[in-house]
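What follows is the residue order along each chain.
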Amino acid sequence: TTLETHSFSGTPLSTQQYGQQMRDADLIARLSNADEAALEQLYHHYYTRLYRFIARTSRREDLIDEIINDVMYVVWEKASSYDPRCKPSTWIFGIAFNKARQAARDAERNQEESLDDLDEDSAWLGKPDGAIEQVELDEWLESALNTLSPEHRAVIELTYYEGLHYSEIATILGCPENTVKTRMH
């Protein structure tokens, strides 16, 4: 038997991925007709992925749900301008990246961090040794990622956690594909 593959705007996709992208494109088309059920379906389909992406790129847990709501509002408002030659996920993650970057800039301007809010021991309380090692690894990885610019973190997130191709990431970030490749190395 032959494994059937499809492509969406030049990106090779499995039959399952292609089907999901087509369903998402249909939902976006329905949004143009103010179909609230379509918005709800898109929201539930993308919530977890957007949450993870925004958490990793913005580093602002307190703003994630607000950013997701802003993203879905833009999707609702701009559905009629969606270009069906583009993968729906690429379009939605592009909006998410811009909203997360904007929220991070706004938060930096208004940020006043209190030393009273820092409790270094709280992450370690009641954890078995294996969990402590995982917390240490997570903190080390987070520390390393925090040294990167939001654009570099987004490239890593979209590559490793979302499995996007460099061309899709370039579209999301609004930069040349070679810039994405450079940010990976």
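Higher on the page you've got the structure.
Residues numbered from 1 in each chain as written. Predicted model: local features only at pLDDT ≥ 70, side-chain atom pairs only at ≥ 80, totals over all residues. Heavy atoms only, no water.

Enquirer: Please set out the nonpolar core residue by residue, giving values where relevant.
Expert: In terms of nonpolar packing, the biggest core is built from 41 residues, with Leu42, Leu50, Ile54, Val71 and Ile92 touching the most fellow members. Those elements that place two or more of their residues in this core are α1 (15–31), α2 (36–58), α3 (64–78), α4 (88–110), α6 (150–161), α7 (166–173) and α8 (177–184). At eight residues, α4 tops the list of elements feeding residues into this core. For Leu50, the residues in contact, after removing those within four places along its chain, are Ile68, Val71, Met72, Ile92, Phe93 and Ala96. (Core = buried A, V, L, I, M, F, W, Y, C linked by side-chain atoms within 4.5 Å. Buried < 20%, exposed > 50% of the residue type's maximum accessible area, 1.4 Å probe, protein only. Helix = DSSP H or I, 4+ residues; strand = E, 2+ residues; numbered from the N terminus. Contact = heavy atoms within 4.5 Å.)

Enquirer: Describe α7, with residues and values.
Expert: Taken together, the buried positions of α7 are occupied by Glu168, Ile169, Ala170, Ile172 and Leu173. After α7 finishes, the residue Gly174 shows a positive phi value of roughly 70°.

Enquirer: Run through the packing of aromatic side chains, naming residues and quoting values.
Expert: In the structure shown here, the tally under the stated rule is five aromatic pairs. When the centroid spacing of 5.6 Å and the interplanar angle of 40° are considered together, the rings of Tyr43 and Tyr47 count as tilted. With Tyr43 and Tyr47 both in helix α2 and four residues apart, the pair spans about one turn of that helix. Among the residues examined, Tyr47 registers a relative accessible area of 24% and is labelled partly exposed. Centroid distance Phe53 to Phe93: 5.3 Å. Interplanar angle 85°. Geometry classified as edge-to-face. Of this pair, Phe53 sits in helix α2 while Phe93 sits in helix α4; the two residues are 40 residues apart in sequence, bridging distant segments of the chain. Like Phe53, the residue Phe93 is buried in the burial classification. Taken together, the aromatic side chains of Tyr43, Tyr47 and Tyr51 make up a single cluster linked through ring pairs. (Phe/Tyr/Trp six-rings, centres within 6.5 Å; stacked < 30°, edge-to-face > 60°.)

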